[in-house]
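These are the residues of each chain, in order.
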Amino acid sequence: AKVALAVAALMVLVALFISERVLARLTDTQTRHLKELSRSYLDGLSSSIGPSLVREDNWEIFDAIDRAQQLNKSLRPAETIVTNSDGAVVAASNPRQHPIGSTYQPESESGTSADAFSFSAGSDTAKAVRTLSYPGRVAGTIHATFNTEHLAAERREVFIALLLTNGALTAIFAVAGWLLVARMMRPVEILSRHLAVAEPTLARPVSDEIVTRTKGEFAKVFRAYNTLVRSMGEREELLKRLAEEKRLASLGRLSSVVAHEINNPLGGLFTAVSTLRSHGHIKNVREVSLGLRERGLTCIRDVV
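Rules of the game
- Residues numbered from 1 in each chain as written.
- Predicted model: local features only at pLDDT ≥ 70, side-chain atom pairs only at ≥ 80, totals over all residues.
- Heavy atoms only, no water.
- Helix = DSSP H or I, 4+ residues; strand = E, 2+ residues; numbered from the N terminus.
- Expected span 1.5 Å × (residues − 1).
- Buried < 20%, exposed > 50% of the residue type's maximum accessible area, 1.4 Å probe, protein only.
- Patch = residues over 30% accessible without salt bridge, like charges linked within 9 Å, V, L, I, M, F, W, Y side chains within 5 Å.
- Areas by Shrake-Rupley, 256 points an atom, 1.4 Å probe, with all protein chains shown as cover.
- Salt bridge = Lys/Arg side-chain N within 4 Å of Asp/Glu carboxyl O.
- Pairing = 2+ DSSP bridges.
- Core = buried A, V, L, I, M, F, W, Y, C linked by side-chain atoms within 4.5 Å.
- Contact = heavy atoms within 4.5 Å.
- Axes fitted to C-alpha atoms, helices over the stretch in contact; angles between N-to-C directions.
- Parallel < 35°, antiparallel > 145°, perpendicular 65-115°, else oblique.
- Left-handed = near helix turned anticlockwise from the far one by under 90°.
- Nonpolar A, V, L, I, M, F, W, Y, C, P; charged D, E, K, R; others polar.
- Phe/Tyr/Trp six-rings, centres within 6.5 Å; stacked < 30°, edge-to-face > 60°.

**Some points on helix 5 (residues 217–279)**
Here is step 1: Across its 63 residues, helix 5 extends 92 Å between first and last C-alpha, which sits within 8% of the 93 Å expected from 1.5 Å per residue.
Here is step 2: Ala219, Phe222, Tyr225, Asn226, Val229, Pro265, Gly268, Leu269 and Ala272 are the residues of helix 5 that are buried.

In structure tokens, the structure reads:
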């Protein structure tokens with residue numbers, strides 16, 4: 001389970017990195033393509049309205065804007081505004097919203113630069129600015145806004161496709177990782193089970209069938225474990241044999257000591273019996289022999 005979760009986490013990180021790279025590359029491609037098209041649009045419009053802008057011929061500039069928008073429908077120009085050097089509107093594609101002579105204030109600072117283009121990833125619009133300059137003075141500025149909703153939709157589609165694909169791959173690799181690791185960890189489970197049994201009782205070797213079926217490093221581990229188990233068995237057997245021999249040796253020493261302690265008084269008893277048989281009629285000899293027999297029997301009783 002831990003390895004499966006680790007694989008899933010790793011796949012999520014990889015998916016995030018890949019998605020970020022793909023979306024970044026898509027943004028770069030869209031931005032570069034849109035910038036080139038907007039530059040082409042502004043180049044054509046600049047060459048068309050240049051003389052008219054110097055004269056501030058509103059109708060000619062409006063006609064040039066209308067023609068440029070019709071010729072560049074694939075670029076989807078949403079709004080084009082031409083201002084003079086003072087920032088007053090000379091002509092606009094939407095004259096109701098930007099009347100002639102009104103002051104136009106760009107929404108962003110980038111819109112006031114000499115030749116700027118701004119586009120944010122996922123945004124519905126892109127803006128381009130072109131300043132028309134003639135020797136000695138600035139004639140005016142073109143402010144163009146382009147509809148980029150189709151690019152935002154394309155980005156969302158790519159994001160959803162990446163999300164679904166990476167999610168499916170993450171799930172597949174997590175399951176595959178779990179199955180693979182479960183298969184790899186099976187020898188460890190076998191070894192753990194045998195080691196657990198070895199704690200309360202004598203260790204049991206792994207069967208030869210399992211050892212033969214196992215390949216690689218775990219086969220070496222199983223063989224080493226079986227060698228260890230055999231060594232432990234031999235050691236236990238040797239300890240039992242040594243304990244038995246030690247018990248027998250102790251019993252032998254005890255027997256020899258007991259035999260020695262009993263044998264001495266027995267010799268005296270036999271001597272007393274022999275003396276009684278020979279000189280039992282003598283009172284003094286009889287009393288000494290009886291005393292010797294009593295001491296000998298007492299000594300044997302104490303040894304027993």
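**Overview of a nonpolar patch on the surface**
Here is step 1: On the surface, a cluster of nonpolar side chains totalling about 420 Å² of accessible area is made up of Leu10, Val14, Phe17, Ile18 and Val22.
Here is step 2: Residue placement: valine 14 occurs in helix 1 (residues 2–55).
Here is step 3: For valine 14, a relative accessible area of 35% puts it in the partly exposed group.

**Digging into the pairing of strand 5 (residues 137–147)**
A regular strand places its side chains on the two faces of the sheet in alternate fashion.
Here is step 1: In terms of burial, strand 5 is largely enclosed, as 8 of its 11 residues are buried.
Here is step 2: Bridge analysis of strand 1 (residues 77–84) against strand 5 gives 7 bridges, and the strand direction is antiparallel. Within the sheet, the bridge partner assigned to threonine 80 lies in strand 5 and is alanine 144.
Here is step 3: Two elements, strand 4 (residues 125–134) and strand 5, share 10 bridges in a ladder whose sense is antiparallel. Its bridge partner being in strand 5, serine 133 is matched across the sheet by valine 138.

**So, the nonpolar core**
Here is step 1: Among the nonpolar cores identified, the biggest contains 24 residues, and Tyr41, Leu45, Ile49 and Ile61 are the most heavily contacted of them.
Here is step 2: Mapped onto this core, the elements with two or more residues apiece are helix 1, helix 2 (58–71), strand 2 (89–92), strand 3 (115–119), strand 4 and strand 5.
Here is step 3: Considering each element in turn, this core owes the most residues, 6 residues, to helix 1.
Here is step 4: Leaving out residues up to four positions away in the same chain, leucine 45 has contacts with Ala64, Ile65, Ala68, Thr80 and Ile142.
Here is step 5: Counting residues in each nonpolar core, the second largest holds 9 residues, with Ile190, Val206, Phe222 and Val229 among its members.

**A closer look at the pattern of salt bridges**
Here is step 1: If you walk through the whole model with that rule in mind, you get 6 salt bridges.
Here is step 2: For the salt bridge of aspartate 63 with arginine 67, the shortest nitrogen-to-oxygen distance reads 2.1 Å. Of this pair, aspartate 63 and arginine 67 both sit in helix 2, 4 residues apart, roughly one helical turn.
Here is step 3: A relative accessible area of 39% means that arginine 67 is categorised as partly exposed.

**What to know about the environment of arginine 130**
Here is step 1: Along the chain, arginine 130 falls in strand 4.
Here is step 2: Assessed through its relative accessible area of 11%, arginine 130 is described here as buried.

**Comments concerning the packing of helix 5 against helix 6 (residues 283–303)**
Here is step 1: One way to put it is that helix 5 packs onto helix 6 with a least axis distance of 9 Å and a crossing angle of 160°. By the angle between their directions, the pair helix 5 and helix 6 is classed as roughly antiparallel. At the point where helix 5 passes helix 6, the crossing takes the left-handed sense. Facing helix 5, whose interface residues are Val258, Glu261, Ile262, Pro265, Leu266, Gly268, Leu269, Ala272, Val273, Thr275, Leu276 and His279, helix 6 presents Val285, Arg286, Ser289, Leu292, Arg293, Gly296, Leu297, Cys299, Ile300 and Val303.
Here is step 2: Per-class residue counts for the contact of helix 5 with helix 6 are 14 nonpolar, 5 polar and 3 charged.

**Quick look at helix 1**
Here is step 1: With 54 residues, helix 1 should cover 80 Å at 1.5 Å per step; its first-to-last C-alpha distance of 76 Å lies within 8% of that length.
Here is step 2: Just downstream of helix 1 lies glutamate 56, where phi reads positive at about 55°.

**Quick word on the packing of aromatic side chains**
We describe a pair of aromatic rings using the distance from one ring centre to the other and the angle between the two ring planes.
Here is step 1: Throughout the structure, instances matching the rule amount to 1 aromatic pair.
Here is step 2: Taking 5.6 Å as the distance between ring centres and 85° as the angle between the ring planes, the aromatic pair formed by tyrosine 41 and phenylalanine 146 counts as edge-to-face. With tyrosine 41 in helix 1 and phenylalanine 146 in strand 5, the pair connects residues that are 105 residues apart, well separated along the chain.
Here is step 3: For tyrosine 41, a relative accessible area of 1% gives the class buried.
Here is step 4: Note on phenylalanine 146: relative accessible area 0%, which makes it buried.

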